[in-house]
Amino acid sequence: MTQTTEPMAPTDSTSGPQTRVDNWLTSFESALAARDVQRAAAIFAVDSYWRDLVSFTWNIKTVEGRAGVADMLDACLDNSDPSGFRTTEEPTEAGGVIEAWIEFDTATGRGKGHLRLKDEGAWTLLTSLRELKGFEEPRGEARPKGVHHGAIERRKSWADERELEAAQLGYERQPYVVIIGGGQGGIALGARLRQLGVPALVVERNDRAGDSWRKRYKSLCLHDPVWYDHLPYLPFPGNWPVFAPKDKIADWLEMYTRVMEVPYWTRSTVTSATWDDEADRWTVIVDRDGESVCLTPRQLVFATGMSGKANMPSFPGMDLFEGDQNHSSQHPGPEVYAGKKAVVIGSNNSAHDICAALWEHGADVTMVQRSSTHIVKSDTLMNIGLGDLYSESAVKAGITTEKADMIFASLPYRIMHQFQIPLYEQMKQRDADFYDRLDKAGFWHDWGDDGSGLFMKYLRRGSGYYIDVGAGELVADGKIKLAHGQVDHLTKDTVVLEDGTELEADLVVYATGYGSMNGWVADLVGQEMADRVGKCWGLGSDTTKDPGPWEGEQRNMWKPTQQQGLWFHGGNLHQSRHYSLYLALQLKARYEGIPTPVYGLQEVHHLS
C-alpha cells in the first residue's frame, strides 16, 4: 500500500451538504483507487467509527479511529476493490452533522451505506453488502416466469416439482446448509437462502412451524410494534395489529414457511453433529419422526434463538415440592390456578406477563425479585424510543423498514448509549408518577448501568427489563405481591428465601431466563466445540452481565466464528429480518466458491 505525507482536507464547511458529501466521497474513492490507506484514513475524524456489514470484511465488524480504518483497509482493500461511491438522495444537515445515503460497488457485489460527516471528516460510516454480482435474487423484472408455455411431454406441475424436491432433499441430495431451529430466525434465513438458490434445510423439533410461539404461555404477545417485526419479502398487511398475540404470529410463521417455499422438516430433532476437517463438512444426525437421517452439510447454522435454552435452576427441595413447578417457557397457562397461591421467580418480561395472567384468573401471586429490573411503559417506549423509525408516522415520512433498519445499524455500538440516554430521561419524566408508585411498592428499578435503558440492556445482556403492558400497574398497586432475595430452598408447600421468608405456593414458575446459544453447541457437538467458539451475545461493555473486553459487535452473531462452517443466527424479529440478509450472502458466496477472506475474526474471551 502506498502512503502520502499530506492528508487531504476533510471538508469545506462553506459548501452545501451535497457538495461536501460529494467532495468527501471523491477524495475517499481516489485514495482507495490509489491504495493509499493513510490518505483514506486521514479524511475520517479522530474519533470515528466504520461499521462494515460483509461488504469489505466478509464479516460484521466495526473499526474505530483513523488507525482502525487504516488497518482494515490495509487488509481488505485489494480484495474488495471498491468503486462508484455515490449518494442516493439529497444529504441533510442538523447540529453540525451531515447525513448521507450512499451506494457503491465492490469486486463481488453491490452495497449501500450511510455517512455522517463533520467538519473534521467522517464521523460514522456504514457499509453493507446488499447483493452479489451475477447471483442477484430473482425479483422485480428478473422474477421467475413460473411456467413453461408450450406443449411439453410428461410435464411436471409446480406441485410435482415441490414434492420431488422435498422427497430428495436430505436423502438423494444433501443440503449445503442445515439450519437447526425453525423459529423466526431459521425461517427468515431459510427464505433468504431459498431466494439465493442455496440448498438449505431447516430442522425443527416441534410439530408445526410457529410452535416455538404457539406453545408459550397463553398471554404472550409481541411487545415490539408491527413496524419493527416484518419478515423478509412479505411484510405484515396494513390491518395487522400493532402488538400481535403469540398464536397469530405462530400462524403467520407457518403460512410464511409454506408461501416462501422454505425446505422445512418438522418433528425432527438433531441428536449430534460432528465436523470433519479433512472433508470440510459436518455429519449431522437427525431423528426425523422416529427415522434416523444422516445429513452432510458444509455449513451448520444454530438458529435456536436467544430464548431457546432455558435456564432451569436447581434449588434444594425442588423434588419435595408437591405443587406444580415449571420454567416460564413451559408454563401451561393461568386458568387452573384460580384461588391458588403462585410464586414466580424472576422479574423480567416473562415474569411480569405470567404474574398478570395469573392475577387476572384469580390467583394469589407473589413475584420474587432477585435483582433490579428496568421497566418502561409500552406506549412511552413506542412514542419516544421507536416512533421516529418504526411507527405509522415514520412510514408516512418515508422511513421504510429497510431504511429504518439501516439507520439503526448506522449507529456504532460504542456510542449508541449516548443517543439512548436522553430518550430514557424523557421517559423517566413523562412517567414520573408511575415510577414513584413502583418505588413505594418496593420494586427494585434501574435504568441500566449508565441510564441508557432497555435497548442497551437487550444488546448487552438480553435480559433485565420489562416493557409494561399492564403488569407494572399491578405491581405498583400491590395486586401482584413482591418478595426480594435469592431462593434458599423449597419445602413441600413453600418457597423459602435466604432471609428466611416463607412463601406458600401451589405453583412455582421459574422465569429465570435463558442461557447462551453456544449451550446448544455443547449439547450437540461437545463442550470443546462450544468453548472454541465461545459465548454468544453481548458487546463486551463491561456492564452488568456483559463482561469486557470491548467486542464492538454482538459476539458470534451472524458472522464467521472460530469454527469453520459454524454460524449463529437469532435475536428478535427485527434482527432476524435484517441480519439474515448478511448471513445468507456470506453462505451464498461460499456456496458459489467466491473467495471470502475474513477480516477481524471474532476472538473468544468468554466460554459461556
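Cut-offs applied
- In every chain, residue numbers begin from 1 and rise along the written sequence.
- Owing to the predicted nature of the model, reporting of local features is limited to residues with pLDDT of at least 70; listing and counting of side-chain atom pairs is limited to 80 or more, with chain, interface and lining totals taken over all residues.
- Based on all heavy atoms of the structure, the side-chain values leave hydrogens and waters out of the count.
- Under the scheme used here, helices are H or I runs from DSSP no shorter than 4 residues and strands are E runs no shorter than 2 residues, and both carry numbers assigned from the N terminus.
- In this setup the radius of gyration rests on C-alpha atoms only. A globule is expected at 2.2 Å times the number of residues raised to 0.38.
- Pairs of residues are marked as contacts when any of their non-hydrogen atoms sit within 4.5 Å.
- Charge assignment in this entry is limited to Lys and Arg as positive and Asp and Glu as negative, and neither His nor the chain termini are counted.
- A single reference atom marks each charge: NZ on Lys, CZ on Arg, CG on Asp, CD on Glu.
- When DSSP locates at least two bridges between a pair of strands, those strands are taken to pair.
- Fitted lines through C-alpha atoms give the axes, limited to the stretch in contact for helices. The angle between two N-to-C directions lies from 0 to 180 degrees.
- Here a pair means two rings of Phe, Tyr or Trp (six-membered ring of Trp) with centres within 6.5 Å. Their orientation is stacked below 30 degrees between planes, edge-to-face above 60, and tilted elsewhere.
- For every residue, the accessible area obtained with a 1.4 Å probe (protein chains only) is divided by the maximum for its type, and the residue is called buried under 20%, exposed over 50%, and partly exposed between those limits.
- Each angle is binned into one of four classes, with values under 35 degrees roughly parallel, values over 145 roughly antiparallel, values of 65 to 115 roughly perpendicular, and all other values oblique.
- In this scheme, a helix's expected span is set at 1.5 Å multiplied by one less than its residue total.
- Here the bend at a residue means the angle between the axes of two seven-residue stretches, the one that ends at it and the one that starts at it.
- Joining through side-chain atoms within 4.5 Å is the link that ties buried Ala, Val, Leu, Ile, Met, Phe, Trp, Tyr and Cys residues into a set, and such a set is a nonpolar core.
- The predictor attaches a confidence to each residue, and that confidence, scored 0 to 100, is pLDDT.

Trainee: Looking at this structure, I do not really get the overall build of the protein chain. What am I missing?
Mentor: The helix and strand tally for the protein chain stands at 18 helices and 25 strands. For the protein chain, the C-alpha radius of gyration of 26 Å lies close to 25 Å, the compact-globule estimate for 608 residues. Along the first, second and third principal axes, the C-alpha set of the protein chain runs to 75 × 70 × 50 Å. Of the contacts made within the protein chain by residues no fewer than 6 positions apart, 66% connect residues no fewer than 24 positions apart. Distance between charge centroids for the protein chain: 4 Å, based on 62 positive and 85 negative side chains.

Trainee: Teacher, can you tell me more about the sheet that holds strand 9 (residues 200–203) here?
Mentor: Strand pairing within a sheet occurs via backbone hydrogen bonds; the two strands may be parallel or antiparallel. With parallel pairing, five strands are arranged side by side in an open sheet as 10-9-8-14-25. Each end of this open sheet is capped by a strand with a single partner; those strands are strand 10 (264–265) and strand 25 (566–568). Both strand 9 and strand 10 contribute to a ladder of two bridges, which runs parallel. Counterpart to V203 in the pairing with strand 10 is W265. Helix-sheet contacts for helix 18 (residues 573–591) involve strand 8 (177–180), strand 14 (299–302) and strand 25, and the interaxial angle to strand 25 is about 165 degrees.

Trainee: Would you take a moment to explain the packing of aromatic side chains for this structure?
Mentor: Two descriptors summarise a pair of aromatic rings, namely the distance from one centre to the other and the angle between the planes of the rings. Per the counting criterion, the structure on display carries 28 aromatic pairs. When the ring of Y171 is compared with that of W265, the centres are 5.8 Å apart and the planes differ by 40 degrees; the resulting orientation is tilted. Pair noted here: Y171 is in the loop between helix 4 (158–168) and strand 8 and W265 is in strand 10, with a separation of 94 residues, a long-range link. For Y171, a relative accessible area of 34% corresponds to the partly exposed category. For the pair F236 and W252, a centre-to-centre distance of 5.0 Å together with 50 degrees between the ring planes defines the contact as tilted. In this pair, F236 is assigned in the loop between helix 6 (211–214) and helix 7 (246–259) and W252 in helix 7, connecting sequence segments 16 residues apart. Through pairs of rings, three or more aromatic residues link up here, namely W24, F28, F44, W50, F56, F85 and F104.

Trainee: In this structure, what is going on with the pairing of strand 14? I would like to understand it.
Mentor: Successive side chains on a regular strand alternate, one facing one side of the sheet and the next facing the other. Where burial is concerned, the two faces of strand 14 agree: the one with Q299 and V301 and the one with L300 and F302 are both buried. Judged from the four bridges that link them, strand 8 and strand 14 form a sheet pairing that is parallel. Bridge pairing links I179 to V301 in strand 14. Sheet topology places strand 14 next to strand 25; three bridges connect them, and they run parallel. Across the sheet, the residue bridging to F302 is F568, located in strand 25.

Trainee: Looking at this model, I keep getting lost on the packing of helix 12 (residues 413–430) against helix 14 (residues 453–460). Mind explaining?
Mentor: In helix packing, the relevant descriptors are the interaxial angle and the interaxial distance, both defined with respect to the helix axes. Remark: helix 12 packs on helix 14, axes separated minimally by 8 Å, with the N-to-C direction vectors making an angle of 150 degrees. Judged on the interaxial angle alone, helix 14 and helix 12 are roughly antiparallel. Here Y413, M416, H417, Q420 and Y424 of helix 12 lie close against helix 14, whose contacting residues are G453, L454, F455, M456, L459 and R460.

Trainee: Please explain helix 12 as it appears in this structure.
Mentor: For helix 12, with 18 residues, the first-to-last C-alpha span of 26 Å sits near the 26 Å given by 1.5 Å per residue. Where helix 12 bends most, at Q420, the angle is about 25 degrees, and the proline P422 comes one to four residues later. Among the residues making up helix 12, those that are buried are Y413, I415, M416, H417, Q420, Y424 and M427.

Trainee: Is there a simple way to think about the nonpolar core in this case?
Mentor: What tends to happen in soluble globular proteins is that the nonpolar side chains get buried as a cluster. In this structure, V177, L193, L300, F302, V344, L358 and L381 are the most contacted members of the largest nonpolar core, which totals 134 residues. A total of nine residues in this core trace back to one element, the largest contributor, which is helix 18. Excluding residues within four positions of it along the chain, L358 makes contact with H331, P334, Y337, A342, V344, A363, V365 and L507. Ranked by size, the runner-up nonpolar core spans 30 residues in total, among them F28, F44, F85 and A122.

Trainee: Sorry if this is basic, but what is going on with helix 5 (residues 184–196) here?
Mentor: Owing to its 3.6 residues per turn, the α-helix aligns residues three or four sequence positions apart on the same side. Relative to the 18 Å expected for 13 residues at 1.5 Å per residue, helix 5 spans 18 Å between its end C-alpha atoms, a close match to the ideal helical length. For helix 5, the tally of buried residues reaches eleven of 13 residues, placing the bulk of the element in the interior. Looking at the residues trailing helix 5, positive phi occurs at G197, about 75 degrees.

Trainee: For this particular structure, what's the right way to read the confidence of the model for the protein chain?
Mentor: Regions with low pLDDT should not have their predicted coordinates read in detail. Looking at the protein chain, the pLDDT average stands at 94 and 97% of residues meet or exceed 70. Contacts from residues 1–9, a stretch scored under 50 in pLDDT, to residues over four places away or in other chains number 18 contacts.

Trainee: Help me understand the side chain of K457 in this model?
Mentor: If you trace the backbone, K457 turns up in helix 14. Relative accessible area serves as the criterion here: at 6%, K457 is assigned to the buried category. Sequence-distant contacts of K457, that is, excluding residues within four places in its chain, are made with S372, T373, H374, D446, G448, G462, S463, G464 and Y465.

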